[in-house]
Structures are given as C-alpha cells and as structure tokens.
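# A look at the structure
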Amino acid sequence: MKYRTIGTDPVTRREVSVLALGAMLFGSVTDEKTSFAVLDHFVEAGGTFIDTSDNYAYWVGDDLGGQSERLLGKWRRSRGVGDEIVIATKLGAAPLAPGTGFLDNPEGLSAKAVREAAERSRERLGVERLDLLYAHIEDRTVPLRETVEAFGELTAEGTVGLLGASNHAIWRVERARSLAAAAGLPGYEVLQYQHSHLRPRYDVPSPLFEDGSLGHAGPELLSYLRAEPELTLVAYSPLLAGAYTRPDKPVPQDYDHPGTPARLAVLREIAAETGAGLNQIVLAWQIGNRLPIVPLAGASSVAQLKENLAAVDLELTEDQRARLDAAH
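Residues numbered from 1 in each chain as written. Predicted model: local features only at pLDDT ≥ 70, side-chain atom pairs only at ≥ 80, totals over all residues. Heavy atoms only, no water.

### Side note on the overall build of the protein
If you tally the helices and strands in the protein, you get 10 helices and 10 strands. Expected size for 328 residues packed as a compact globule is a radius of gyration near 20 Å; at 19 Å, the protein falls within 12% of this value. Across its three principal directions, the C-alpha atoms of the protein cover 55 × 45 × 45 Å. Taken as a whole, the protein presents about 14200 Å² of accessible surface, with 52% of it coming from carbon and sulfur. Here the protein carries 33 positive and 45 negative side-chain charges, and the mean point of each set is 2 Å from the other. (Helix = DSSP H or I, 4+ residues; strand = E, 2+ residues; numbered from the N terminus. Rg over C-alpha atoms; globule rule 2.2 N^0.38 Å. Areas by Shrake-Rupley, 256 points an atom, 1.4 Å probe, with all protein chains shown as cover. Lys, Arg positive; Asp, Glu negative; His and termini not counted. Charge placed at Lys NZ, Arg CZ, Asp CG, Glu CD.)

Rendered as structure tokens:
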C-alpha cells in the first residue's frame, strides 16, 4: 500500500492509504459477513481510509439511514480497531422522516443539526472523535457563518478532526473557508466530489442542482486544487458503478457526448499495453495524478476489492498519463 497525508494541522492531519474504501451499502445491500470480509481484507492489504455517511443507506428498507455507520461500529469493536484506521463520515443529507429524502426533508446544516448529527455518528461508529467530517450537501437556508462556526466548535471540543465538504458550489467552499480563516477556525481541507476519467456534461440540471452539476469535479474545482495545494480531492464513484467493464451497466446519460468515445478508446489502448483492466487504469491514473486525488471505490466482494487494490502498484508511464489527460 502507498499513503498520503490529508490536512495540514499537526494535530488533525492524517496519513491515509491512497485508495479509500466506500462503505455506503455495508449493512444494507451488502450483508454483515461480506462487509466484514471486505473490510478485513482492505486492512490486511494496508488500507486505512474508509468512507461512510449518516444517511447510508436510507433508501434501502424505507429507513432513516445509519446502517453503514452501525456496521462499521460493530466491525471496529469486534476487531479491536483503533486510531490507525481513518473513518470519514458526512452529515446534512439524512432524511428527517421515513419516506422522505435529502431533496425534500434533509437534516441540513444548522448549528443544532450539525451538533446532533455528529453526536449520533460518533455513537454509531463507537468513536470519541470523528476523524473526518464532511458537510454532505449544501443548505442554503442556513447562513454559512452558522455552519462554519458549528463545525469549528466540534473541532475545538476535540470531537471532530478534519473538516470537508461534498457537493457544494466551489464559490461556497471558498467563502466558507474564508469565513473560517477570518474567525480563526479550521476550514474545509478535504473535498469529496464525483470524479472519473470520463467527463460528464456539467450543464445538465437535476433536482439537487438546478443550474447544472455541482457534484462533479469540473474545471473550476480542479483549478481550485491547483491553486490550493493543501486541499485534497476524494473522488467518489471513480468507476461509474461498473460502467467501464459491465455490459449491464451502461455509461450514465450525462456522459453521452462526443468526448466519451475518445477517452474510452485511450483507456482501452493503455489497458492493452499494460495488461491491466479498465478499472485499474482509471484508479492508477487518479492515484498518480499531479493533483492530490484519493479515489474512493466501493466493493461488494473481496474479489472486487482485490481488483481495485491492484491499481495501487500499477505504474503508468509519463506518455500513457499524457495520453489519458489529453484525450477529448
């Protein structure tokens, strides 16, 4: 395994594996036995970075979420896992009542919601401090200063370490970080957005993003990373839910544009040159990127996890990287 540092403060920064394991469906779609096996193998391979959220997976079984955090807490206790494993979680997008969701009834990012949700996450995970806590989605009904101060209070109390944001407009991330800096509070240092080798159309509106996607790592976010080297991008859904390799998983509609065939063609060329799979090429391209990117990939079996882990030691040549970067 290889490692990189996230965060800058000596008190809260952490060294994490260059590949993160997504636990979204653990304890719901993926049963406990399989989830434990995947987690055990990840740690045995040197993995130290696991990702979850307080709302995972509320859409399974008409629930409010929390299944993933509860399973991770049970796994931690049964294995005697301590601070050597970094578990990141998120808040703000859990539904407040069964049958609702983050679009119509989210917990939000008020000071009260942040404190209460963080406490529930700590209890489910069985930890004294959340290693990394993200604001999962925006809450424009609450002043940014209130959210910034709420996160700052948790870090000051020692119940939260690093802070992050996901699915936010970059101008709001920068504004929140500026507010934090002006108040002498810690700001967001880890940004979790969807990022893969294929590029989507960013202008397609959705129920969550009426002006076009704010959840993908587009040009503005990548430019922001170049300008702010202390930030880290955690790239979720790097493998597009299997679309690179599974005939039953078509490329999402947002990726149906003229640039996609060219980028797929280069991926296939380099897969043939290296003998690696398309998924491994994508992950290796992210891991060795000039920008600080940690791919976040889920796994529903040990075999799937092993395939992903093989990308850590896959060394792409400068020529191969240049071709992957330039394809359009």
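And the narrative resumes.
### Thoughts on the pairing of strand E8 (residues 190-194)
A large share of E8 lies buried, amounting to 5 of its 5 residues. Where burial is concerned, the two faces of E8 agree: the one with Val 190, Gln 192 and Gln 194 and the one with Leu 191 and Tyr 193 are both buried. Judged from the 3 bridges that link them, strand E7 (residues 160-166) and E8 form a sheet pairing that is parallel. Among the inter-strand pairings, Ala 165 is bridged to a residue of E8, identified as Leu 191. (Buried < 20%, exposed > 50% of the residue type's maximum accessible area, 1.4 Å probe, protein only. Pairing = 2+ DSSP bridges.)

### Considerations on the sheet that holds strand E5 (residues 86-91)
Pairing within the closed barrel is parallel, and its 8 strands lie in the order E3-E4-E5-E6-E7-E8-E9-E10. Shown here is a sheet whose adjacent strand axes are inclined to one another by a mean of 30 degrees, direction ignored. By the bridge criterion, 3 bridges tie strand E4 (residues 49-51) to E5 in an arrangement that is parallel. Paired with Asp 51 across the strands is Ala 88, a residue of E5. (Axes fitted to C-alpha atoms, helices over the stretch in contact; angles between N-to-C directions.)

### Some thoughts on the packing of helix H3 (residues 111-125) against helix H4 (residues 144-157)
Axis separation between H3 and H4 bottoms out at 8 Å; the angle between their running directions is 35 degrees. Seen from above, H3 lies across H4 with right-handed handedness. Counted together, Ala 111, Val 114, Arg 115 and Ala 118 of H3 and Glu 146, Ala 150, Phe 151, Glu 153, Leu 154 and Glu 157 of H4 form the full contact between these two elements. Residues of the contact of H3 with H4, tallied by class, amount to 6 nonpolar, no polar and 4 charged. (Left-handed = near helix turned anticlockwise from the far one by under 90°. Contact = heavy atoms within 4.5 Å. Nonpolar A, V, L, I, M, F, W, Y, C, P; charged D, E, K, R; others polar.)

### Notes on the side chain of Arg 263
Relative to the helices and strands, Arg 263 is located in helix H7 (residues 259-274). Here Arg 263 sits buried without a salt bridge, and the closest side chain of opposite charge, Asp 325, lies 5.8 Å off (N-O distance). Among residues more than four places away in sequence, those in contact with Arg 263 are His 197, Leu 198, Arg 199, Trp 285, Leu 324, Asp 325, Ala 327 and His 328. (Salt bridge = Lys/Arg side-chain N within 4 Å of Asp/Glu carboxyl O.)

### Here we look at the pattern of salt bridges
In the structure shown here, the tally under the stated rule is 22 salt bridges. We note a salt bridge from Glu 138 to Arg 140, for which the minimum N-O separation is 2.4 Å. On the accessibility criterion, Glu 138 (19% relative accessible area) is buried. A single network of salt bridges, built from pairs that share partners, joins Glu 269, Glu 273, Asp 319 and Arg 323.

### Some thoughts on empty space enclosed by the protein
In total, this model carries 2 cavities of 30 Å³ or more according to the counting rule given. Approximately 50 Å³ is the volume found for the largest cavity. Lining of the largest cavity is provided by Val 148, Phe 151, Leu 163, Ala 176, Arg 177, Ala 180, Pro 186, Gly 187 and Tyr 188. Mapped onto the lining of the largest cavity, the elements with two or more residues apiece are H4 and helix H5 (170-182). Here the element with the most residues in the lining of the largest cavity is H5; it accounts for 3 residues. Here the residues of the lining of the largest cavity sort into 7 nonpolar, 1 polar and 1 charged. Looking at the second largest cavity, the residues that line it are Leu 109, Glu 138, Asp 139, Leu 144, Thr 147, His 168, Arg 172 and Tyr 188. Residues belonging to the lining of the second largest cavity are distributed by class as follows: 3 nonpolar, 2 polar and 3 charged. (1 Å grid on protein atoms, 1.4 Å probe; cavity = no way out; pocket = protein on both sides within 12 Å on 5 of 7 lines; lining within 4 Å. Points joined across faces, edges and corners; volume = space filled by probe spheres on them.)

### Things to note about the packing of aromatic side chains
According to the stated counting rule, one finds 3 aromatic pairs in the structure shown. Ring geometry for Tyr 58 against Trp 59: centres 5.2 Å apart, planes inclined by 85 degrees, an arrangement best described as edge-to-face. Overall, Tyr 58 belongs to the buried group, its relative accessible area being 13%. The class for Trp 59 is partly exposed, based on a relative accessible area of 44%. With 6.1 Å between their ring centres and 80 degrees between their planes, Phe 151 and Tyr 188 make a pair best called edge-to-face. Residue Phe 151 is located in helix H4, and its partner Tyr 188 is located in the loop between H5 and E8; the two are separated by 37 residues in the primary sequence. What makes Phe 151 buried here is its relative accessible area of 1%. According to the relative accessible area criterion, Tyr 188 is buried, its value standing at 4%. (Phe/Tyr/Trp six-rings, centres within 6.5 Å; stacked < 30°, edge-to-face > 60°.)

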